[in-house]
Amino acid sequence: MKMTCLKWLSLLTLFCALSSAAEDVSPELISKGKYIATAGDCVACHSIAGKESFTGGLKMMTPVGAIYSTNITPDKATGIGEYTYDDFAKALRQGVAKDGRHLYPAMPYTAYAKVNDEDMHALYAYMMHGVTAVHAENRKSDIPWPLNMRWPLALWNLAFHDDNAYAADTTKSAEWNRGAYLVQGLGHCGTCHTPRGIAYQEKSLDQQGKTYLTGGTLEGWHAPDLTGNAKSGLGSWSNEDIALFLKTGRTNTSAAFGSMTDVVEHSTQYLSQADLAAVASYLKSLPASAPDMPSAPSADTTTAALIRGDISVPGSRLYMDNCSGCHRLDGKGYAKTFPSLAGNSAILSDDPSSVISIVLRGGKMAVTKEAVTGLAMPDFAWRLNDQQVADLVTFIRNGWGNQAPAVSADQVAKLRKDLPKAAEANKEKSQ
């Protein structure tokens, strides 16, 4: 009798434990986890066209070869279905998979390390209970041996990784801290917008570093300076401009381009207005990367010259033939439709990669709930040779009061070589 009672007591205890665990994974927790996954833009890297979300397979180029994102659905054979919470948190914070393999830092665990326990638990709940398990085999990297050995990544982590969660700055407001948490952590903005070192590491992981968010170049695109730089950063942007840009992918004078279009479509458009305001507050607090840098001068001799038919400046005829219909003779474009070229901070960067790439590849605006028309710019790689692109971009970077270094044909040729790889990447990313 005593043994029977003990068995029933054990079963009752187990039942209560299971019931408690089930109650912990509430619809509200899963919903919160979905929001966190969206803020972290997990779907962008772990999905490809024609396949279920989160099943991986996206090809990403590194200096030593291509790697492929993995299946992060809760499938037990090919995904993360066997991951405990501790396994999950270790992968996101330390870059170490359940089987002990070190993850390549293309996975932004250096940023996700800042995610707090509450949000990490919610994210785990969503990935395990809000995502459909899909059996999809993972693809091995194209990195040749011995460069594909993972153990050196442990040394990389020792040198460059800080796995401490975000610590609030008590001297700042709650809004500022929320913005810092999102930018440094879930948003992993530094992954693209911070320059990389010789070991492919982000030179700074937060605002304590002088290079943090001062701009970075990846795969032919230059992610612009997000500090208060008056010329090539956010110095002339208002908090409202930043929030609007993240919500819709455009403002009265600018538009998202390159991979930022995907970020807006899959992630930032879904952030709450409070979180958008927090991100803007934090970014506007960052000191200018070049505090003595004047904004672009307002003197404009270009418009008058084009109106009277003076196309003597190299690149001006090309602009008239190919660009003026959308961006106008005054270079100001049309609000929320075609971005302004006059005073555009992305155009004024010392690194012209983005301007060259968008001329060669073309581009499209983000499609969002707020802006459902995905206007597109055609590519001109087939129509213009390297010298013509160089002349055109140089003209744009120095017209209407703009002042930026000239572009050479060699710079264009270098980016033109990447066009086949860019086309392949765009095909995989398209949804």
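Each residue is numbered by its place in its chain's sequence as written, counting from 1. Whole-chain, interface and lining totals are the exception, using all residues; otherwise, since this is a predicted model, local features are given only for residues with pLDDT of at least 70 and side-chain atom pairs are given and counted only at 80 or more. Water and hydrogen atoms play no part in the side-chain values, which are based on all heavy atoms of the structure.

Here we take up the packing of helix H8 (residues 174–186) against helix H12 (residues 273–285). Under this scheme, a helix contributes an axis fitted over its contacting stretch, all axes are lines through C-alpha atoms, and angles between N-to-C directions fall in the 0 to 180 degree range. We count a stretch as a helix when DSSP gives it H or I for four or more residues in a row; a strand needs E for two or more, and each element gets its number in order from the N terminus. Where H8 contacts H12, the axes come no closer than 7 Å and their chain directions differ by 90 degrees. Judged on the interaxial angle alone, H12 and H8 are roughly perpendicular. Contacts from Glu175, Trp176, Arg178, Gly179, Ala180, Leu182, Val183 and Gln184 in H8 reach Asp275, Ala277, Ala278, Val279, Ser281, Tyr282, Leu283 and Ser285 in H12. Any residue outside Ala, Val, Leu, Ile, Met, Phe, Trp, Tyr, Cys, Pro, Asp, Glu, Lys and Arg is labelled polar, Gly included; the first ten of those are nonpolar and the last four are charged. Considered class by class, the residues forming the contact of H8 with H12 number nine nonpolar, four polar and three charged. Small angles under 35 degrees read as roughly parallel and large ones over 145 as roughly antiparallel, with 65 to 115 read as roughly perpendicular and the rest as oblique. Whether two residues are in contact is decided by their heavy atoms, any of which lying within 4.5 Å being enough.

A separate point is the pattern of salt bridges. Salt bridge, as used here, is a side-chain nitrogen of Lys or Arg placed within 4 Å of a carboxyl oxygen of Asp or Glu. Following the criterion strictly, the structure yields ten salt bridges and no others. Among the salt bridges present, the one from Asp310 reaches Arg308, with a minimum N-O distance of 3.6 Å. According to the relative accessible area criterion, Asp310 is partly exposed, its value standing at 27%. The exposure class of Arg308 is exposed, given its relative accessible area of 60%. Arg416 is the salt-bridge partner of Asp386, the closest N and O atoms lying 2.6 Å from each other. Separated by 30 residues along the polypeptide, Asp386 in helix H17 (residues 386–397) and Arg416 in helix H18 (residues 409–416) bring together distant segments of the chain. Accessibility here uses a 1.4 Å probe with only protein chains present; expressed as a share of the type maximum, an area under 20% marks a residue as buried, one over 50% as exposed, and anything in between as partly exposed.

Quick look at the side chain of Arg93 now. If you trace the backbone, Arg93 turns up in helix H4 (residues 85–94). Any pair of N or O atoms that falls within 3.5 Å is considered a polar contact. Within protein, one atom must be able to donate a hydrogen and the other to accept it, and sequence-neighbouring residues count only if both atoms are side-chain atoms. Engagement of the side chain of Arg93 in a polar contact is seen with the side chain of Asp117, the distance being 2.9 Å.

Taking 1.5 Å of rise per residue, 13 residues should cover 18 Å, and helix H6 (residues 117–129) covers 18 Å from first to last C-alpha, within 8% of that figure. Residues Asp119, Met120, Ala122, Leu123, Tyr124, Ala125, Tyr126, Met127 and Met128 constitute the buried set of H6. The secondary structure elements touched by the buried residues of H6 are helix H2 (27–39), H4, helix H5 (109–112) and H8. One fewer than the residue count of a helix, multiplied by 1.5 Å, yields its expected span.

This part covers the nonpolar core. Core analysis: the biggest nonpolar cluster contains 55 residues, and Phe88, Met127, Tyr282 and Leu283 have the highest contact counts within it. Elements that contribute at least two residues to this core include exactly H2, H4, H5, H6, H8, helix H10 (239–248), helix H11 (259–266) and H12. It is H6 that provides the largest number of residues to this core, a total of seven residues. If we skip the residues at most four places from it in the chain, Met127 touches Phe54, Ile72, Pro74, Ile80 and Phe88. Here the nonpolar core consists of buried residues drawn from Ala, Val, Leu, Ile, Met, Phe, Trp, Tyr and Cys, with membership extended through side-chain atoms lying within 4.5 Å. Membership of the second largest hydrophobic core comes to 24 residues, among which are Leu306, Val359, Trp400 and Leu415.

This part covers the pairing of strand S2 (residues 65–68). Sheet analysis places strand S1 (residues 59–62) next to S2, joined by four bridges and oriented antiparallel. Considered in S2, the bridge of Thr62 is made with Gly65. Hairpin remark: S1 followed by S2, antiparallel, with two residues in the connecting loop. Two strands are counted as paired when DSSP detects at least two bridges linking them.

Let us now look at the packing of aromatic side chains. Stacked, tilted and edge-to-face are the three classes assigned to paired rings of Phe, Tyr and Trp, where Trp is represented by its six-membered ring and a pair needs centres within 6.5 Å; plane angles under 30 degrees give stacked, over 60 edge-to-face, the rest tilted. Counting across every chain of the model gives twelve aromatic pairs. Summarising the aromatic geometry, the rings of Trp176 and Tyr282 are spaced 5.2 Å apart at their centres and angled 70 degrees between planes, so their arrangement reads as edge-to-face. You can see Trp176 sitting in helix H8 and its partner Tyr282 sitting in helix H12, a full 106 residues away along the chain. Ring plane angle 75 degrees and centroid distance 6.3 Å describe the contact between Tyr334 and Phe338, whose orientation is recorded as edge-to-face.

Positionally, His193 belongs in helix H9 (residues 190–193). Leaving out residues up to four positions away in the same chain, His193 has contacts with Leu213, Thr214, Gly215, Gly216, Ala223, Pro224 and Leu226. A distance of 2.8 Å separates the side chain of His193 from the backbone oxygen of Pro224, its partner in a polar contact.

Patch membership is restricted to residues that have no salt bridge and whose relative accessible area is over 30%. Joining uses 9 Å for like charges and 5 Å for the nonpolar side chains Val, Leu, Ile, Met, Phe, Trp and Tyr. Note on areas: Shrake-Rupley, 1.4 Å probe, and residue coverage restricted to the protein chains presented here. Taken together, the side chains of Trp145, Met149, Trp151, Leu155 and Leu158 present a nonpolar region at the surface, about 660 Å² in accessible area. Looking at the secondary structure, you find Leu158 in helix H7 (residues 152–160). The class for Leu158 is exposed, based on a relative accessible area of 72%.

In this section: the UniProt feature "domain: Cytochrome c" (unreviewed entry) in the protein. If you check UniProt for "domain: Cytochrome c" (unreviewed entry), the listed places come out as residues 28–131, 174–287 and 310–400 in our numbering. Helix makes up 41% of residues 28–131 and strand 8%, with an end-to-end C-alpha separation of 15 Å. Annotation note: span residues 174–287, helix share 42%, strand share 5%, distance between end C-alpha atoms 19 Å. UniProt positions are given in the numbering used here, feature names are shortened, and annotations may be inferred rather than shown by experiment.

Before going further, it helps to examine the packing of H2 against H6. Packing of H2 against H6 leaves a shortest axis separation of 7 Å and a crossing angle of 100 degrees. Between H2 and H6, the angle falls in the class roughly perpendicular. Within the contact between the two elements, H2 uses Leu29, Ile30, Lys32, Gly33, Lys34, Ile36 and Ala37 and H6 uses Glu118, Asp119, Ala122, Leu123, Ala125, Tyr126 and His129. For the contact of H2 with H6, the class distribution of residues is eight nonpolar, two polar and four charged.

Note the cis peptide between Trp145 and Pro146, where omega equals 5 degrees. Along the chain, Pro146 turns up in the loop between H6 and H7. Although it is not a glycine, His188 adopts a positive phi angle of roughly 35 degrees. Tracing the chain through its elements places His188 in the loop between H8 and H9. With a phi close to 60 degrees, Lys336 is a non-glycine residue in the positive phi region. When you line up the elements, Lys336 lands in the loop between helix H15 (324–327) and helix H16 (353–361). With a relative accessible area of 39%, Lys336 lands in the partly exposed category.

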